[in-house]
Amino acid sequence: MSSEPALSPDRRSLLFWTTMMAGAASLGASPARAQPDGHSGPQEIGGLRKGMFSFMLAHEQFPVTELVQLGALASKSGFQVLSTSDHFQPWQANEGHVGQAWVTLGALGGQSHSWMGTTVTCPTLRYNPAVVAEAFATLDQLYPGRIFLGVGSGEALNEEAATGAWPKWPERWERLIEAIAVIRQLWTGEHVSFKGKYYTVDAKLYDAPAKPIPLLTAANGKKSMRLAGQHGDGLISDPVSWKKWKSEWEAGAREAGKNPADMPVLIEHYAVVGGQEAAKQAAELWRFGPKAWHSLFDVPSPAAIQQQAEQQVPIEQVLKSWAVGTDPEVHINAVKELFDSGATIVNIHSGQPDQRKVIEFYASHVLPKFRQPA
């Protein structure tokens, strides 16, 4: 976020986390080899392969019953990853929905064969990190080897609205760093005696994951990108932040003794299969996007966010980075640019009401162009 102030993290938490990561080698990347696009990089990242497509299941815009159906169709159609937002309220009031993401994943897993996870869960205020650890360990029991956890520092529309608490950015990241440490320790299955600045845990998970669950950290600004590199197994971000702050994320990863080439990078990419009118209709629901990480993350009311977005953000600005049209080349080129930039997973997010149209279009015209040989 451009508004990020200087952070003075809890050194004990940082040291502890770095020690944990050094011993975890949690994503076990295979040796690098040439990719179909001519680039080199690890083919396997704990099962999250370079060149994967994800489909975004937006709880803000659709009811859970429909999201389960869409996720099943996307998986059947060739999307190797299904990503879900994890909100208490929608970003804008006109989006009209919000179901509980973990329940959706539990219902969806039996109807799909793809990787599944959140983009993203805030494990610090609305959820206690110990409960997050338990929930995702349970999902991994149901669907072993295809669950990931995306975490972030949260938005006021979820955390403040549900709890009344909304600390400043430095504290939110301190909490996130500490929460990651709690989650990782509990996932070992060992007894955990943790007393940090914000969280105290004296317990163990009796049904811990058999293998480490990939934990991806979301970031959208210079300082948060470096911290995400230090503390996550991978990154969740948007195209603008990724291209602008990629070097910060890579530097953070190297500072923690990790190789960025061995870490998944999931980039959310907006796409509309249709003309300009369809794109404008979709953009009205996601109008907050260009200001989401500059100011609107601090606003607890979806109605207020919508009003500010409508007043401050022209539709043309929203659509500037979207892939819009029915020409497959428009979508293929946009995705290729993201993969060429180093993205591991491109997360297709369409705000249009007919999500099936998007899934079927990508399955027929886009995904085959990036299919890797067996």
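Refer to the structure presented above.
Below, the structure is looked at part by part. Keep in mind that what you see is a predicted model, and the values were worked out from it rather than measured. (Residues numbered from 1 in each chain as written. Predicted model: local features only at pLDDT ≥ 70, side-chain atom pairs only at ≥ 80, totals over all residues. Heavy atoms only, no water.)

Structural notes on the packing of helix α7 (residues 222-231) against helix α8 (residues 239-255)
Running from N to C, α7 and α8 point in directions that differ by 40°, and their axes come no closer than 6 Å. In terms of orientation, α7 and α8 fall into the oblique class. For the element pair α7 and α8, the recorded crossing hand is right-handed. Packed against α7, whose contacting residues are Lys222, Met225, Arg226, Ala228, Gly229 and Gln230, the element α8 presents Ser241, Trp242, Trp245, Lys246, Glu248, Trp249, Ala251, Gly252, Ala253 and Glu255 at the interface. Residue composition of the contact of α7 with α8, grouped by class: seven nonpolar, four polar and five charged. (Axes fitted to C-alpha atoms, helices over the stretch in contact; angles between N-to-C directions. Helix = DSSP H or I, 4+ residues; strand = E, 2+ residues; numbered from the N terminus. Parallel < 35°, antiparallel > 145°, perpendicular 65-115°, else oblique. Left-handed = near helix turned anticlockwise from the far one by under 90°. Contact = heavy atoms within 4.5 Å. Nonpolar A, V, L, I, M, F, W, Y, C, P; charged D, E, K, R; others polar.)

What to know about the layout of surface pockets
Approximately 1200 Å³ is the volume attributed to the largest pocket. Lining the largest pocket are 47 residues, and of these Asn220, Asp238, Gly289, Ala292 and Trp293 sit closest to its centre. Listing elements by their share of the lining of the largest pocket, those giving two or more residues are α7, β10 (234-237), α8, β11 (265-272), α11 (315-319) and β13 (345-349). With five residues, α8 is the largest single contributor of residues to the lining of the largest pocket. Broken down by class, the residue content of the lining of the largest pocket amounts to 20 nonpolar, 19 polar and eight charged. (1 Å grid on protein atoms, 1.4 Å probe; cavity = no way out; pocket = protein on both sides within 12 Å on 5 of 7 lines; lining within 4 Å. Points joined across faces, edges and corners; volume = space filled by probe spheres on them.)

A closer look at empty space enclosed by the protein
Under the defined criterion, the tally for this structure stands at one cavity of 30 Å³ or more. Roughly 30 Å³ of volume is contained in the largest cavity. Across the lining of the largest cavity, the residue classes break down as two nonpolar, three polar and four charged.

Some thoughts on the packing of aromatic side chains
All chains considered together, the criterion is met by 15 aromatic pairs. A centroid spacing of 6.5 Å and a plane angle of 55° characterise the contact between Tyr198 and Tyr199, whose relative ring orientation is tilted. Under the relative-accessibility criterion, Tyr198 is labelled partly exposed at 23%. What makes Tyr199 buried here is its relative accessible area of 6%. (Phe/Tyr/Trp six-rings, centres within 6.5 Å; stacked < 30°, edge-to-face > 60°. Buried < 20%, exposed > 50% of the residue type's maximum accessible area, 1.4 Å probe, protein only.)

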